[in-house]
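Coordinates in review
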Amino acid sequence: MTEYGRLFLDLTLAWGVLSLLLLFIAWRRAAKGNIADHKMLMIMLTAGSWLFVMSYLMHYIIPGMALPHIPRRFVPWFAIHGTVALFPLFGATALIYARMNSSREAFLNHHHRLLGRIAAGLWCFTHIGGLINIWLLI
């Protein structure tokens, strides 16, 4: 495994644990009506997720930054994990954008709680799946 591949797995582990913790805290803040903290945490989670995706894509751009080899039997799981991960990432980005730039009656804002619950469930699946991915690759 390359140095970048090992570093990527270490950062993936750290991000997976940290993001699950932040997601739980953000959910609790929203449930208690602390919208300002919830908003800040969700912006941090979404920005962190985009940084994670960008670091993953770097191995396609920069020579010598290969990630660990994925055994063929795990490819379907990794494909499902990666595909499902896009839904909460784009969903959270759209919800944040809607909250910052739209009227309160816009569709995303009007259904924010429902869409947030769906995105949070998918996000938990994604991060737990990421931890499983590390276990499979080590």
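Scroll up for the structure.
Computed from a predicted structure; not experimentally measured.

Our next topic: the pattern of salt bridges. Taken as a whole and assessed by the stated rule, the structure comprises one salt bridge. Residue R29 is joined to D37 by a salt bridge in which the shortest nitrogen-to-oxygen separation is 3.3 Å. Since its relative accessible area comes to 28%, D37 is described here as partly exposed.

A few words now on helix α2 (residues 35-61). The α-helix advances 3.6 residues per turn, and as a result positions three or four apart in sequence lie on the same side. An ideal rise of 1.5 Å per residue puts 39 Å on 27 residues; α2 measures up with 39 Å between its terminal C-alpha atoms. The set of residues buried in α2 consists of H38, L41, M42, L45, T46, G48, S49 and H59. Each element contacted by the buried residues of α2 is listed here: α1 (3-31), α3 (75-101) and α5 (112-137).

Now for α3. With 27 residues, α3 should reach 39 Å at 1.5 Å per residue; the first-to-last C-alpha distance of 39 Å fits that figure. The complete set of buried residues in α3 reads F78, H81, V84, A85, P88, L89, A92, L95, I96 and A98. For α3, the elements touching its buried residues are α2, α4 (107-110) and α5.

The biggest cluster of nonpolar side chains holds nine residues, and these are W15, L22, L23, A26, L41, M42, L45, A92 and W123. Listing elements by their share of this core, those giving two or more residues are α1 and α2. Those residues in contact with L22, other than ones at most four positions away along the chain, are L41, M44 and L45. With five residues, the next largest nonpolar core counts F74, F78, I134 and L137 among its residues.

Of note, L122 is situated in helix α5. Apart from the residues lying within four places of it in its own chain, the contact partners of L122 are V84, F87 and P88.

Within the fold, S49 resides in helix α2. Judged by its relative accessible area of 6%, S49 falls in the buried class. In this view, S49 contacts W15, L89 and W123; residues no more than four positions away in its chain are not counted.

Before going further, it helps to spend a moment on the side chain of N133. You can see N133 is positioned in helix α5. A relative accessible area of 7% means that N133 is categorised as buried. Aside from chain neighbours lying at most four places away, what touches N133 is W77, F78 and H81.

The next thing to look at is the packing of aromatic side chains. Applying the stated criterion across every chain yields a total of three aromatic pairs. Taken together, a centroid distance of 5.7 Å and an interplanar angle of 50 degrees make the contact between W50 and F90 tilted. Of this pair, W50 sits in helix α2 while F90 is found in helix α3, placing the two residues 40 residues apart along the sequence. The exposure class of W50 is partly exposed, given its relative accessible area of 29%. Where W77 meets F125, the ring centres are 5.8 Å apart and the plane angle is 75 degrees; that geometry is what we call edge-to-face. A residue pair is termed long-range when its members are at least 10 positions apart, and W77 in helix α3 and F125 in helix α5 qualify at 48 residues. R28 extends its terminal NZ or CZ atom over the ring of W27, reaching a point 5.3 Å from the ring centre.

Thresholds, definitions, all that
Residues numbered from 1 in each chain as written. Predicted model: local features only at pLDDT ≥ 70, side-chain atom pairs only at ≥ 80, totals over all residues. Heavy atoms only, no water. Salt bridge = Lys/Arg side-chain N within 4 Å of Asp/Glu carboxyl O. Buried < 20%, exposed > 50% of the residue type's maximum accessible area, 1.4 Å probe, protein only. Helix = DSSP H or I, 4+ residues; strand = E, 2+ residues; numbered from the N terminus. Expected span 1.5 Å × (residues − 1). Contact = heavy atoms within 4.5 Å. Core = buried A, V, L, I, M, F, W, Y, C linked by side-chain atoms within 4.5 Å. Phe/Tyr/Trp six-rings, centres within 6.5 Å; stacked < 30°, edge-to-face > 60°. Lys NZ or Arg CZ within 6 Å of the ring centre and 35° of its normal.

Coordinates in, geometry out; function isn't part of it.
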